[in-house]
Amino acid sequence: MDQPKIERLLRLMKYLSSNVNYSIGELSRKLDMSPRTVYRYIDTFKSAGFSVVKLYSDVYKLLSMPKESVDLDKLIYFSEEEAYLVNTLIENLAPTNSLKANLKEKLSAIYSQTSIADFVDRKSNAAHVELLGEAIKNRCKAVLVNYQSASSHSTRDRLIEPYDFTSDYVDVCALDLEDGRNKIFKISRIGEVRMLDEEWTREGEHRRKGMDVFRFSGDTAQRVRLRLSTMAKNLLVEEFPLAIRDLSPDGEAWLLDTEVYSFVGIGRFYLGLASEISIVDSQEFEAYIADYVGRNLVRGAYRCSR
């Protein structure tokens, strides 16, 4: 078999085992081959001992490797110690990481005797990442169907040019073609991703915004320094793992020296643990906290007492 055919077989294997269910027609277009050839390749998998099942209509899935593939099994299966280590590494990913549950599910299928099997089903997020990744690779426009915006409190479709992901695939960076602004859209708020057969038309306007450890983005960052107790430091790293790079020991406490694009995220964290945190440096952040407490906590307490 020549190299192009082997490549198409491997790509077909990838599509058939992915989290997205593709029809024979979709597979033929992706692989640039006739539907008849796709069926022939599927028959080749079956003849080689692979478990291929028909889900519905003309949608097929590749479920398992041949039992005779002893060498592959050795590459795939983990010892108990290896599985524990991999599970620990995955658990340290951000809770909102769109790929976290997908990784845990795949490892659960490989080694079901560990806590890897205890995962939250977030298949849709992984599918969104896969489709948006294809749109980025092919430089295509996409529609975020029923996107739930926290800022505008609305749910509607967004026509975008996606061009990058944040470091842990929680968000996609894209140019919103409706208002011409570069934005960061949360994967978990997308109802569905529809990739369009239209190439980017405004690539020159693509600008990736900065993002702080509290997952807020913007164009201008402000420096904030906080002193945290060990408890506050541990809670910070558990909720915002990227903060570890901005932490350093400070006697029996910890110093957080970081840049933020909004006081909202760091403000919420500070207010939830105010007795465990002190502001070392940032008059602007101190003013924000004082204003927030005056507007929301003091007045709220007054209204409740009346």
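For the structure itself, consult the block above.
Predicted, not measured: the structure shown is a model, and the values here were computed from it.

A.B. asks: Would you explain helix 9 (residues 263-272) in this entry?
C.D. replies: Regarding helix 9, the residues found buried are Phe263, Gly265, Ile266, Gly267, Phe269 and Tyr270. Of the residues that open helix 9, the one with a side-chain oxygen 3.1 Å from the backbone nitrogen of valine 264 is serine 262.

A.B. asks: Explain the nonpolar core to me, please; I cannot follow it from the model alone.
C.D. replies: Soluble globular proteins: nonpolar side chains tend toward being buried together. Formed by 20 residues in total, the largest nonpolar core has its most connected members in Phe214 and Leu236. Among all residues touching leucine 236, those that are not within four sequence positions of it are Phe214, Leu228, Pro241, Ala243, Leu247, Leu256 and Phe269.

A.B. asks: I keep staring at the sheet that holds strand 13 (residues 277-281) and nothing clicks. Help me out?
C.D. replies: Pairing between the strands of a sheet is mediated by backbone hydrogen bonds and can be parallel or antiparallel. The antiparallel open sheet is built from four strands, whose spatial order is 11-12-10-13. The open sheet has two free edges, formed respectively by strand 11 (247-250) and strand 13, since each of these has just one partner strand. Across the sheet, the mean angle from the axis of one strand to that of its neighbour is 30°, orientation sign disregarded. Where strand 10 (residues 222-228) lies against strand 13, four bridges are found, and the strand directions are antiparallel. Looking across to strand 13, one finds that leucine 226 is bridged to isoleucine 279.

A.B. asks: Hey, could you run me through the pattern of salt bridges in this one?
C.D. replies: A side chain with one charge can pair with a side chain of the opposite charge if their charged atoms come near. Enumeration over the complete set of coordinates arrives at 16 salt bridges. Through salt bridges with shared partners, a single network forms among Arg158, Asp176, Asp179, Arg181 and Lys183.

Scoring rules and cut-offs
Residues numbered from 1 in each chain as written. Predicted model: local features only at pLDDT ≥ 70, side-chain atom pairs only at ≥ 80, totals over all residues. Heavy atoms only, no water. Buried < 20%, exposed > 50% of the residue type's maximum accessible area, 1.4 Å probe, protein only. Helix = DSSP H or I, 4+ residues; strand = E, 2+ residues; numbered from the N terminus. Polar contact = N/O pair within 3.5 Å; in protein donor to acceptor, adjacent residues only side chain to side chain. Core = buried A, V, L, I, M, F, W, Y, C linked by side-chain atoms within 4.5 Å. Contact = heavy atoms within 4.5 Å. Pairing = 2+ DSSP bridges. Axes fitted to C-alpha atoms, helices over the stretch in contact; angles between N-to-C directions. Salt bridge = Lys/Arg side-chain N within 4 Å of Asp/Glu carboxyl O.

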